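# Inside the fold
The primary structure of each chain is shown beneath.
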Amino acid sequence: MKPVKVGLLGLGTVGTGVVRIVEGHQEDLQSQVGSPIVIEKVLVQNKSKSRSLTIDAEKLTEDPWDIIHNPNIDVIVEVMGGIEGTKGYILEALAHGKHVVTANKDLMALHGPEILRKAQEHGCDVLYEASVAGGIPIIRTLIEGFSSDRITKIMGIVNGTTNYILTKMSQEGADYAEVLKEAQALGYAEADPTSDVEGLDAARKMTILSTLGFRANVALEDVDVKGISSVSREDIQYAKRLGYEVKLLGIAERQDDYISVSVQPTMVKQSHPIASVNGVFNAVYVYGEAVGETMFYGPGAGELPTATSVVADLVAVVKNLKLGVNGKQELLSYKEKKLKTDEQIAAKYFMLLHVEDRAGVLARITQAFADCEVSLGSVLQQPNSSDQIAEIIIITHDASKASIGKVLQSFGSMEVVKSVKSVYRVEG
Ligand SMILES: NC(=O)C1=CN([C@@H]2O[C@H](COP(=O)(O)OP(=O)(O)OC[C@H]3O[C@@H](n4cnc5c(N)ncnc54)[C@H](OP(=O)(O)O)[C@@H]3O)[C@@H](O)[C@H]2O)C=CC1
Ligand SMILES: N[C@@H](CC=O)C(=O)O
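Residues numbered from 1 in each chain as written. Chains lettered and ligands numbered in written order. Predicted model: local features only at pLDDT ≥ 70, side-chain atom pairs only at ≥ 80, totals over all residues.

The chain is annotated in an unreviewed UniProt entry as Homoserine dehydrogenase from Paenibacillus plantiphilus. UniProt's Cofactor (unreviewed entry) comment on the chain is quoted here verbatim: "a metal cation". (UniProt positions renumbered as here; feature names shortened; annotations may be inferred.)

In structure tokens:
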């Protein structure tokens, strides 16, 4: 019944949740692992900062080596964020035989393979369930639950901050900057929220999910990324009128051995379950050749939901300690990825154009699509507030990304096209 001692790196949103769950659920945790779990030391930047929970001042330290080189500590829980410095701490902790639980997707997306190799070398566990989709146990699901299947598509809302913003813009017509501030105050956003709104946080999560799902060495630079900063309230209102919601979707697809991974604002048909995933909630769709369609839903960020995943990993490490099997998991053997070309990436697209309002213009526009071999699903023309300009809304059938690029290029030299107001991928 020797206690398992934990060194916590970080006592912000997630770290606070970890302390609350470890202390508040101690009896349940003990009944699962057979020994007390004790938070021995906590690294913070500023010991004198006021905190929302009471913690023994003796436990706080501003010196990471107090924890990493502490012989009494068995497990490091890293919830401080950051990349290079944090990577150094984790590698050093592993070299000292300490197991690691982390919520850090930035680190795992960029340096996951190196960290996992180091862990195996030293017989240690590194678990990172909270790094993707907060409270949804999607990593364990991909590694274990789908081990028998071949996954062909992973599509999801994997960033809580942007989903919170888009939901408020759609349901309340709220202002983007105001709602971003709310998401920050609620502890959903990253230290630098640019990585949320510009899609980088979601891209890092999609790197992790597609690596695990396709068992391939996907890298962050393989992900085509676009965030939500260019999504206007008008776009959202347009989408709604046509029966769609705008969502920031991560989409990873595999056909034969070829894959593509992207993050982009997408128009999702309101009848698709992902369209009604609102607020800070995330959802991940996984399509397997054998299982077909599955969906995982839950809170994607925030103190207690994220800490639930962190502490579940901690329990898994302690169970392995009891069984003496830490670091014994086989490393995934990643296949060499083959990326799809733009000719191979196919999807439906929405376009909103402002064109001259006169005879023959619609015919010229539709001809431009035909010339690039893009077939149209629906075309709607309506007058704009200016009587010289008409709005044309087009939804294509499945078309290659390359063909859509050619259509847009051809509009650049057509005088009748005044502007391409927006272009979205369409799902559902
Ligand atoms: N917030 C969320 O909902 C989610 C966050 N994550 C990930 O979890 C991690 C933590 O996020 P979150 O809790 O929101 O972050 P916060 O910014 O709320 O907390 C960070 C904590 O780490 C401490 N810290 C930061 N840098 C240093 C440093 N260089 N040296 C010592 N201490 C440091 C801070 O100290 P001090 O308190 O003194 O300032 C603070 O306690 C990140 O990797 C994030 O991406 C993952 C899923 C969801
Ligand atoms: N900033 C992230 C936090 C969780 O990973 C998000 O909003 O999803």
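### Description of the overall build of the chain
Scanning the chain from terminus to terminus reveals 14 helices and 18 strands. Relative to the globule expectation of 22 Å for 428 residues, the C-alpha radius of gyration of the chain, 24 Å, shows essentially globular dimensions. A principal-axis box enclosing the C-alpha atoms of the chain has dimensions of 85 × 45 × 35 Å. Considering the chain as a whole, with its 428 residues, one finds that 44% of them fall into the buried category. Here the analysis covers contacts within the chain between residues at least 6 apart in sequence; of these, 75% occur between residues at least 24 apart. (Helix = DSSP H or I, 4+ residues; strand = E, 2+ residues; numbered from the N terminus. Rg over C-alpha atoms; globule rule 2.2 N^0.38 Å. Buried ≥ 20, exposed ≤ 12 C-beta atoms within 10 Å, placed from the backbone. Contact = placed C-beta atoms within 7 Å.)

### Notes on the domain arrangement of the chain
When cut into domains, the chain gives domain 1 (4-132 + 303-323), domain 2 (138-299) and domain 3 (346-427). Taken over C-alpha atoms, the centre of domain 1 sits 52 Å from the centre of domain 3. (Domains from an automatic or database assignment.)

### Examining the sheet that holds strand β6 (residues 126-127)
Within a sheet, neighbouring strands are paired by backbone hydrogen bonds and run either parallel or antiparallel to one another. Reading across the sheet, the 6 strands line up as β3-β2-β1-β4-β5-β6 and stay open at both edges, with parallel pairing between neighbours. Two strands close off the open sheet at either side, each with one partner strand: β3 (60-61) and β6. Where strand β1 (residues 4-9) lies against strand β2 (residues 37-43), 6 bridges are found, and the strand directions are parallel. Bridging across to β2, G7 finds its partner in K41. This element, helix α1 (residues 13-24), spans β1, β2 and β4 (75-78) of the sheet and lies at about 155 degrees to β2. (Pairing = 2+ DSSP bridges. Axes fitted to C-alpha atoms, helices over the stretch in contact; angles between N-to-C directions.)

### Observations regarding the nonpolar core
In terms of nonpolar packing, the biggest core is built from 122 residues, with V18, V77, V310 and L314 touching the most fellow members. By residue number, the principal contributor to this core is helix α10 (residues 200-214), which donates 8 residues. Those residues in contact with L314 that sit more than four places away from it in its chain are V6, I37, V75, V77 and V101. (Core = buried A, V, L, I, M, F, W, Y, C linked by C-beta atoms within 7 Å.)

### So, the packing of helix α5 (residues 105-121) against α10
The relative placement of two packed helices is expressed as an angle between their axes plus a distance between the axes. Two elements in contact, α5 and α10, have axes separated by 9 Å at closest approach and are oriented at 50 degrees. Judged by the inter-axis angle, α5 sits oblique to α10. The two elements α5 and α10 meet at a crossing, and its hand is left-handed. On the side of α5, the interface is formed by K105, D106, M108, A109 and G112, while α10 contributes D201, R204, K205, T207 and I208. (Parallel < 35°, antiparallel > 145°, perpendicular 65-115°, else oblique. Left-handed = near helix turned anticlockwise from the far one by under 90°.)

### What about unusual backbone geometry?
With the exception of glycine, most residues fall at negative phi, and the peptide bonds are largely trans. Within the chain, A133 stands out as a residue other than glycine whose phi angle is a positive 60 degrees. Within the secondary structure layout, A133 lies in the loop between β6 and α6 (138-145). If you check the backbone angles, D256 has positive phi at about 50 degrees while not being a glycine. You can see D256 is positioned in the loop between β9 (244-255) and β10 (258-269). Judged by the 9 C-beta atoms lying within 10 Å of it, D256 is exposed.

### Overview of the UniProt feature "domain: ACT" (unreviewed entry) in the chain
According to UniProt, the feature "domain: ACT" (unreviewed entry) maps to residues 350-425 in the numbering used here. Annotated as residues 350-425, this span is 30% helix and 45% strand, and its ends, taken at the C-alpha atoms, are 6 Å apart.

### Digging into the site of ligand 1
Among the 26 residues in the neighbourhood of ligand 1, the closest are listed as G10, G12, M80, G81 and A301. Here the residues of the shell around ligand 1 are counted per class, giving 11 nonpolar, 13 polar and 2 charged. (Near = placed C-beta within 6 Å. Nonpolar A, V, L, I, M, F, W, Y, C, P; charged D, E, K, R; others polar.)

### Notes on the site of ligand 2
The immediate surroundings of ligand 2 are formed by G134, N159, G160, T161, Y188, A189, E190, D196, D201, G300 and A301. Of the residues that constitute the shell around ligand 2, the class distribution is 3 nonpolar, 5 polar and 3 charged.

### Description of the environment of G405
The residue G405 is located in helix α14 (residues 401-412) in this model. Spatially, the C-alpha atom of G405 lies 9.3 Å from that of C372, the residues being 33 residues apart in sequence.

### Some remarks on helix α7 (residues 160-172)
Counted at 1.5 Å a residue, the expected span for α7 with its 13 residues is 18 Å, and the 17 Å between its end C-alpha atoms agrees. Here α7 lies mainly inside the structure; 10 of its 13 residues are buried. Three or more residues of α7 are buried, namely G160, T161, T162, N163, Y164, I165, L166, T167, K168 and M169. Structurally, α7 contributes buried residues whose contacts are with β7 (151-157), α8 (176-185), α9 (194-197), α11 (233-241), β9 and β11 (281-288). At the exit of α7 stands G173, carrying a positive phi of roughly 60 degrees. (Expected span 1.5 Å × (residues − 1).)

### Some points on α14
Between the first and last C-alpha of α14 there are 17 Å, a value that for 12 residues agrees with the 16 Å anticipated at 1.5 Å per step. When we look at burial in α14, the residues that qualify are S403, I404 and V407. Down the axis of α14, the buried side of the element spans an arc of 100 degrees, and every buried residue falls inside it. Along α14, exposed side chains directed more than 90 degrees from the buried face belong to G405, Q409 and G412. (Arc of directions from axis to C-beta.)

### A short note on the pairing of strand β15 (residues 376-383)
In terms of burial, β15 is largely open, as just 0 of its 8 residues are buried. With 7 bridges connecting them, β15 and strand β16 (residues 389-396) associate as antiparallel partners. Note on β16: the bridge partner recorded for P383 is A390. Count of turn residues in the β15/β16 antiparallel hairpin: 5 residues.

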